[in-house]
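Here is how the chains run, residue by residue.
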Amino acid sequence: MTKPESPLRRFGAAAVALATVLAVAACGPAADNAADDGAAPTATESHGAHAGTSSAPPQPLRAGERFLELKMPEPYTPAPPEGSTDEYRCQAIDPGLTEAAFLTGTQFAPENVAIAHHAIVYAVPPDGAAAVREHDAKNPGPGWQCFGGTGVPGAEVEEGNAAWLDTWAPGATETLLDHDAGFKLEPGGLVIFQMHYNLLATDGKPAGSDRPAVRLRLTDGTPQTRELETWSLDAPTDLPCTADESGPLCDRAASIADVTKRFGSEVGEFADEQVEECNEGGMPRPGNTQTCDHEVEEPATVFAGFAHMHMLGRSLKVELNPGTPKAEVLLDVPQFDFDNQRLMKLPTPVEVAPGDTLRVTCTHDAGLRKVLPQLSKLPPRYVVWGDGTSDEMCIGIMAVSPRKS
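Calculation rules
Residues numbered from 1 in each chain as written. Predicted model: local features only at pLDDT ≥ 70, side-chain atom pairs only at ≥ 80, totals over all residues. Heavy atoms only, no water. Disulfide = S-S within 2.5 Å. Helix = DSSP H or I, 4+ residues; strand = E, 2+ residues; numbered from the N terminus. Buried < 20%, exposed > 50% of the residue type's maximum accessible area, 1.4 Å probe, protein only. Salt bridge = Lys/Arg side-chain N within 4 Å of Asp/Glu carboxyl O.

1. Focus on the state of the cysteines
Here is step 1 of the chain: Using the criterion set out here, one finds four disulfides in the structure.
Here is step 2 of the chain: C90 shares a disulfide with C146; S-S distance 2.2 Å. The S-S bond linking C90 to C146 shows a torsion near 95°; that makes this disulfide right-handed. One end of the pair, C90, is in strand β3 (residues 86–93); the other, C146, is in the loop between β6 (144–145) and β7 (163–168), and 56 residues separate them in sequence.
Here is step 3 of the chain: What makes C90 buried here is its relative accessible area of 0%.
Here is step 4 of the chain: On the basis of relative accessibility, which here comes to 1%, the residue C146 falls in the buried class.

So, in structure tokens, the structure goes:
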């Protein structure tokens, strides 16, 4: 999952670009997805084979809503780059809208869940559609490889030319928004599916094709309908090999070089960029737990949160103004489960203002590498940020609605 930019400023860092929009707002039955009424799963239970799909029936349509079913015109068989078991593949489709509409829910469905690591649905506005079609035409086969966002010059998420609509991960079902909150889709725009395929189970060899689909829940909206944005709160990953592990990739620089070889310089450089922006003194702090402070730059209402890590993730927390009388925990996932990544609605929406601090903290466990079938055959490594399943991430994705004051 490539990190979207955020309308926040890390301490000691320059302001970053405005956030892209993620239609995972936080009202209504989506909160049911966050419940965990059973005992905490064991390591192998939490990180085993994919536990769920998006095939559950959708919630009933509410007044004024309609469904729009989108499916890729042809299947695709993943072909990771040499030396990798991961491929990010993007395909575009025209939703055929003739009038503007608000997205109030999504339900993503990969056809081959055995190889689907996660998926992102992007929206490209009308003025970016030509760039997408041109890029698609230059690449053979269905779609194009897209490590690092949409992969289309002129339709980049980081530049605000495309919007992150929704994310699917194993265990997710339907994302349902409040009836009067959503993302505005314009006629003439395109929808891009970004699929992250992982072939660890077959040592990178072909494991069948996939033809993903998504069901969009649309409404015409009202004057009260609130447009939503996503704030992406990331922290570094600097997870050394365990004491009884050794090998060339246990060196941090060698591991970053390996990530760069697999996914390109933009991904490879990001680990050092995070350290420079998040850590006092700009030096790596090797260890299981990493943290980063982000300074809020505009007033907003926070409705929900979503935790994303990979197979070595143990826990993730997002705090507001930690260490002050106004301290509050917004998102707490004490037992991260890769196969149960859910949108979590805040019990009560929380107001944030310029100058507030949002801190994300992640804990990873290199010891899981030995007990997880997907990772146990791989050589030990110093784990840094990367797009592969054997790499790691730390992202707290917060669904917000900006306020005028």
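2. A short note on the pattern of salt bridges
Where side chains of opposite charge bring their charged atoms close, a pairing between them can arise.
Here is step 1 of the chain: Using the criterion set out here, one finds 20 salt bridges in the structure.
Here is step 2 of the chain: A salt bridge links D244 to K370; the shortest N-O distance between them is 2.5 Å. Of the two residues, D244 is situated in the loop between β13 (229–234) and α3 (252–263) and K370 in the loop between β19 (357–364) and β20 (395–402); the sequence distance between them amounts to 126 residues.
Here is step 3 of the chain: With relative accessibility at 48%, the residue K370 sits in the partly exposed group.
Here is step 4 of the chain: The partner of R314 in a salt bridge is D365, and the shortest N-O contact between them spans 3.5 Å. Taken together, the positions of R314 in strand β16 (residues 313–320) and D365 in the loop between β19 and β20 put the pair 51 residues apart, joining distant regions of the chain.
Here is step 5 of the chain: Judged by its relative accessible area of 24%, R314 falls in the partly exposed class.
Here is step 6 of the chain: You can call D365 partly exposed: its relative accessible area is 24%.

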